[in-house]
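Letter by letter, the chains look like this.
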Amino acid sequence: MDFLSKKLINDPNDVVTEFIEGLVETYPGLQYLDGFPEVKVVLRADVSGLTYDKVSVISGGGSGHEPAHAGFVGEGMLTAAICGDVFASPPVDSILAGIRAVTGPSGCLLIVKNYTGDRLNFGLAAEQAKSEGYKVEMVIVGDDCALPPPRGIAGRRGLAGTILVHKVAGAAAASGLSLAEVAAEAKRASEMVGTMGVALSVCTLPGQVTPDRLGPGKMELGLGIHGEPGAAVADLQPVDIVVSHVLNQILSTETNYVPITRGSRVVLMINGLGATPLMELMIAAGKAVPRLQLEHGLAVERVYTGSFMTSLDMAGFSITVMKADQTILSRLDAPTKAPNWPVAADGNHPPAKIPVPIPPSRSKKNKETLSRPEQLSSQGHILEVAIEAAATAVIDLKDSLNEWDSKVGDGDCGSTMFRGASAILEDMKKCYPLNDPAETVSEIGSSISKVMGGTSGIIYDIFFKAAYTQLKTDSASNITGPQWAAAFEAAIAAVSKYGGAKAGYRTLLDALIPAFSVLKEKLAAGEDSVEAFVLSAKAAVAGAESTKNMQAQAGRSSYVSAEILASVPDPGAMAAASWYRAAALAVKNKYKAS
């Protein structure tokens, strides 16, 4: 069923002129001729036909293919673009106005897509301009490879490959070549290029109803850029299959549309037809390159992916393959100020992928350093008992944590913390360098990151990585109480910075922040480090229990009613208080025993 399309426009009859107005407001290097609505010409602001001493390159056609052609006006590409109404060839007077505006003594080259209206109107304008004394040449581009070789005079349709011809001709003209030389390069480029499109939907003209020619689950191969029927309608296929079919059609030795054989150097263009997300275009590009290389034996020198010649709001893409030699590559790589020519696509490709970097602590440390020492130092023993006690406390609290979390979260806090604590105990037996406190803290973070998913895993990994970074700045194997406190402070700050939580948000920080405050206060007052640790643990437990009276402002609990929250403490805060208290008591008992 047809239905009226939705478009962000005013009067459908004004879409082209209003597009041009917006374009030149956006790009200061562009102007337009004051001849609306009959004359719709975009031209370089720095070019005047009276003084321009290089060959002008002019193209154009019906509108609706944006950014073609006006978006490719700029130094190093088109000198002017003649815009017709939507899908309608521009009138002769408009083409003539463009020629007169930008053509100097060196003459101009008209690049025309192979459609009857464009050929006739540009051709008549060329003859009229010649009669006025202008030097004019015309190159017609017909790069369509979707349909069988045409009979009669119609020829192949002009498609997105025309954009590559624009670039070759524009760069040749910018280099100072003569009109004959620029025309020769453009003609040669037009003979090297082939294009085929695939559409998932037809386009909708402004102010008209959306046709329903393509049903659900269908695609059309070889659909024209004006919505004209293609070669066939088929069931929608995965992009791998679509790309393979299109490339086989373009490179077919039966039709011999392009002079490309195994061993040739080529450039590839993946062109969106107007409504295709860039993600899908990039997927197509990523599949096309290896197929060209491996199945067709071609060297892919350049890849251009984006929307270059669209068909209003049509969903789909076209693929263009052009045979390239060093001359064509140099023209494609030449600088241009055309606003819609892709940047960063020139030059040779480095390898597509490189190895994942290894963390410095892993690459610089040998196996012996990152394994459990055969003999523990006194601080190594203390670290061991603290870590074991903390992890065991979390394991023992698993069921309570899950019960609390079932009321205020997703019910898996205990299971998640259990996995992390179990991994810590297992890894400590094998690879924790317990005589090196900083590296041990780093390894705790690594153990957690391997097995703890969700927010809790990330938060604790950040916590321990920040503590490690602070400890490393001290460069000491025997860490003092104030140094542990500084690492604790850095870890809390990192969790708050990246997680966004603060005191009172009903998170694990409501246990850790009070603990740090007491620890800092007691150490500053000259309290014994172990005793300060134990006193701060009491503050952690009190802080965790106080979360019953807090309204959650972070995590899933922020969606739970205050009545339910008041019935249980925050599971994350209780877990943090549990391991912190267990570690403090274990350290105290270890010192007593020694």
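This report concerns the structure included in the present document. (Residues numbered from 1 in each chain as written. Predicted model: local features only at pLDDT ≥ 70, side-chain atom pairs only at ≥ 80, totals over all residues. Heavy atoms only, no water.)

## Re the sheet that holds strand 3 (residues 41–44)
One open sheet accounts for six strands, arranged 2-3-5-4-6-7; its pairing is mixed. At either end of the open sheet lies a strand with only one pairing partner, and these are strand 2 (30–32) and strand 7 (136–141). Adjacent strand axes in the sheet meet at a mean angle of 25° when their direction is disregarded. As defined by bridge partners, strand 4 (residues 56–63) adjoins strand 6 (residues 108–113) across four bridges and the pair is classed as parallel. Paired with Ser 59 across the two strands is Ile 111, which belongs to strand 6. (Pairing = 2+ DSSP bridges. Helix = DSSP H or I, 4+ residues; strand = E, 2+ residues; numbered from the N terminus. Axes fitted to C-alpha atoms, helices over the stretch in contact; angles between N-to-C directions.)

## Here we look at a negative patch on the surface
The grouping of Asp 11, Asp 14, Glu 18, Glu 21 and Glu 25 at the surface amounts to a negative patch. Assignment of secondary structure puts Asp 11 in the loop between strand 1 (3–4) and helix 1 (15–26). (Patch = residues over 30% accessible without salt bridge, like charges linked within 9 Å, V, L, I, M, F, W, Y side chains within 5 Å. Areas by Shrake-Rupley, 256 points an atom, 1.4 Å probe, with all protein chains shown as cover. Salt bridge = Lys/Arg side-chain N within 4 Å of Asp/Glu carboxyl O. Lys, Arg positive; Asp, Glu negative; His and termini not counted. Charge placed at Lys NZ, Arg CZ, Asp CG, Glu CD.)

## Looking at the environment of Ala 180
For Ala 180, the position within the fold is in helix 5 (residues 179–190). For the pair Ala 180 and Ile 459, spaced 279 residues apart in sequence, the C-alpha separation works out to 67 Å.

## Regarding the packing of aromatic side chains
Summed over all chains, the structure comprises twelve aromatic pairs. Pairing Phe 463 with Phe 464 gives two aromatic rings, centres 5.2 Å apart and planes at 80°, and the pair type is edge-to-face. Since its relative accessible area comes to 6%, Phe 463 is described here as buried. The rings of Tyr 460, Phe 463, Phe 464, Phe 488, Phe 516, Phe 533, Trp 579 and Tyr 580 are connected pair by pair, giving a single aromatic cluster. (Phe/Tyr/Trp six-rings, centres within 6.5 Å; stacked < 30°, edge-to-face > 60°. Buried < 20%, exposed > 50% of the residue type's maximum accessible area, 1.4 Å probe, protein only.)

## Notes on helix 17 (residues 529–545)
The terminal C-alpha atoms of helix 17 lie 25 Å apart, and with 17 residues this matches the ideal 24 Å at 1.5 Å per residue to within 8%. Within the sequence span of helix 17, burial applies to Val 530, Ala 532, Val 534, Ser 536, Ala 537, Ala 539, Ala 540, Gly 543 and Ala 544. The elements touched by buried residues of helix 17 are helix 16 (509–524) and helix 19 (571–593). Here helix 17 starts with a cap whose side-chain oxygen sits 3.1 Å from the backbone nitrogen of Val 530, and that cap is Asp 528. (Expected span 1.5 Å × (residues − 1). Contact = heavy atoms within 4.5 Å. Polar contact = N/O pair within 3.5 Å; in protein donor to acceptor, adjacent residues only side chain to side chain.)

## Remarks on the pattern of salt bridges
According to the stated counting rule, one finds 18 salt bridges in the structure shown. Glu 191 serves as the salt-bridge partner of Lys 187, at 2.6 Å between the closest nitrogen and oxygen. Accessibility expressed as a relative area gives 45% for Lys 187, which makes it partly exposed. When the shortest N-O distance is used, the salt bridge between Lys 450 and Asp 427 registers 3.2 Å. Linking Lys 450 in helix 13 (residues 437–451) with Asp 427 in helix 12 (residues 413–430), this pair joins segments that are 23 residues apart in sequence. Judged by its relative accessible area of 60%, Lys 450 is exposed.

## As for the state of the cysteines
Taken as a whole, this structure holds zero disulfides when the rule is applied. Free of any disulfide, Cys 83 has its nearest cysteine sulfur in Cys 108, 16 Å distant. On the basis of relative accessible area, Cys 83 is assigned to the buried category, the value being 6%. (Disulfide = S-S within 2.5 Å.)

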